[in-house]
Amino acid sequence: MSDPVVVLDDLRDESEELDRLVGELSEGQWRTPTPAPGWTIAHQIAHLAWTDRATLLAATDAEVFAAETEKALVAPDRFVDEGAEEGAALPPAELLARWRAGRARLQEVLRAAPPGARFPWYGPPMSAAALATARLMETWAHGQDVADALGAVRTPGARLRHVAWIGHRARDYAYFVRGEQPPTEPFRVELVSPGGELWAYGPEGAAQKVTGPALDFCLLVTQRVHRDDTALVAHGPDAAHWLTLAQAFAGPAGAGRPAGAGRPAGAGRPARTTSGEA
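Here the structure is a predicted model, which is why all the values come from computation and not from measurement. (Residues numbered from 1 in each chain as written. Predicted model: local features only at pLDDT ≥ 70, side-chain atom pairs only at ≥ 80, totals over all residues. Heavy atoms only, no water.)

## Here we look at the overall build of the protein chain
Moving on, step 1. The secondary structure content of the protein chain amounts to 10 helices and six strands.
Moving on, step 2. Across the protein chain, the fraction of contacts at a sequence separation of at least 24, relative to all contacts at a separation of at least 6, is 69%.
Moving on, step 3. Only carbon and sulfur atoms are counted for the fraction: they give 54% of the accessible area of the protein chain, which is about 12,900 Å². (Helix = DSSP H or I, 4+ residues; strand = E, 2+ residues; numbered from the N terminus. Contact = heavy atoms within 4.5 Å. Areas by Shrake-Rupley, 256 points an atom, 1.4 Å probe, with all protein chains shown as cover.)

## Looking at the sheet that holds strand β4 (residues 198-201)
Moving on, step 1. Strand order in the open sheet formed by four strands is β4-β3-β5-β6, with mixed pairing between adjacent strands. Two strands in the sheet have a free side with no partner beyond their single neighbour: β4 and β6 (233-235). Taking each pair of neighbouring strands and ignoring which way they run, the sheet shows an average axis angle of 15°.
Moving on, step 2. As paired strands, strand β3 (residues 188-192) and strand β5 (residues 209-213) are joined by five bridges and run parallel to one another. Looking at the pairing, Glu190 lines up with Thr211 of β5.
Moving on, step 3. Running at roughly 110° to β5, helix α9 (residues 214-221) makes contact with β3, β4 and β5 of the sheet. (Pairing = 2+ DSSP bridges. Axes fitted to C-alpha atoms, helices over the stretch in contact; angles between N-to-C directions.)

## What about the packing of helix α2 (residues 41-60) against helix α3 (residues 62-74)?
Moving on, step 1. Across the interface, α2 lies against α3 with an axial gap of 6 Å and an inter-helix angle of 135°. Taken together, the axis directions place α2 and α3 in an arrangement best described as oblique. Together, Arg53, Ala54, Leu57, Ala58 and Thr60 of α2 and Ala62, Val64, Phe65 and Glu68 of α3 make up the contact between the two elements.
Moving on, step 2. Here the residues of the contact of α2 with α3 are counted per class, giving six nonpolar, one polar and two charged. (Parallel < 35°, antiparallel > 145°, perpendicular 65-115°, else oblique. Nonpolar A, V, L, I, M, F, W, Y, C, P; charged D, E, K, R; others polar.)

## A few points about the pattern of salt bridges
Moving on, step 1. Taken as a whole, this structure holds 15 salt bridges when the rule is applied.
Moving on, step 2. For Asp52, the salt bridge identified is with Arg135, shortest N-O distance 2.8 Å. Of this pair, Asp52 sits in helix α2 while Arg135 is found in helix α6 (residues 128-150), placing the two residues 83 residues apart along the sequence.
Moving on, step 3. Note on Asp52: relative accessible area 6%, which makes it buried.
Moving on, step 4. Salt bridges here are not isolated pairs; linked through shared partners, they connect Asp9, Arg12, Asp13 and Arg111. (Salt bridge = Lys/Arg side-chain N within 4 Å of Asp/Glu carboxyl O. Buried < 20%, exposed > 50% of the residue type's maximum accessible area, 1.4 Å probe, protein only.)

## A word on helix α4 (residues 79-88)
Moving on, step 1. Taken together, the buried positions of α4 are Phe79, Gly83, Ala84, Gly87 and Ala88.
Moving on, step 2. At its buried positions, α4 is contacted by α2, α3 and α5 (92-111).

In structure tokens:
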């Protein structure tokens, strides 16, 4: 995922797909509840607009971004909800225009970033490609919430590889944010893409391994499904534990979805898998 142009093109396409879902909604539909407790469709789009703005600050004004980060640290459990509440209170047309303008400006800035540049973030500093990957991951995840609220079916595609990649890369962060020490040895992750290809991360022969459908892994690391409602297979106790806390996003650990809540709209049933450790 080192080529920012490829990731930015996919981020643009992911955003446009979500835009087509919400662009013609009535004012009442913007207030439709989503699977995230207390969040309507307006909250979901407001959160994306808010995070685009934060990413833009990180890429253009590190000092102001640092000040914003300090605010977040004061109220780590509230700052995300407060940002979403502020945007959701706007008239839908204004919110939609703000989201569109912000993501367009972010595209311009990240495409113009010099090679090798790294920018501050709520976790470790990130490259332009990594920031774009994080934005795509969030856009896809919150887009799933919107699709669920509207009863829309989304067809998973190759853009999921970015979500899978960042979910694997964020393994250690998921431990740290919970006050746990991550394992010292790398894990192997082998996922079957929506098109049937194998997406593999980590060294072959690793003692700890996760296998299964890429869609299930992406839903899990974005906390849109409970581990028990996936077809993922953990080979080894450390891998099994990771699947109970995996997250692809920066910030406090989320509560996730309860077991038995089912899978998001359009995600289908878990695929059958071969034997392995749960």
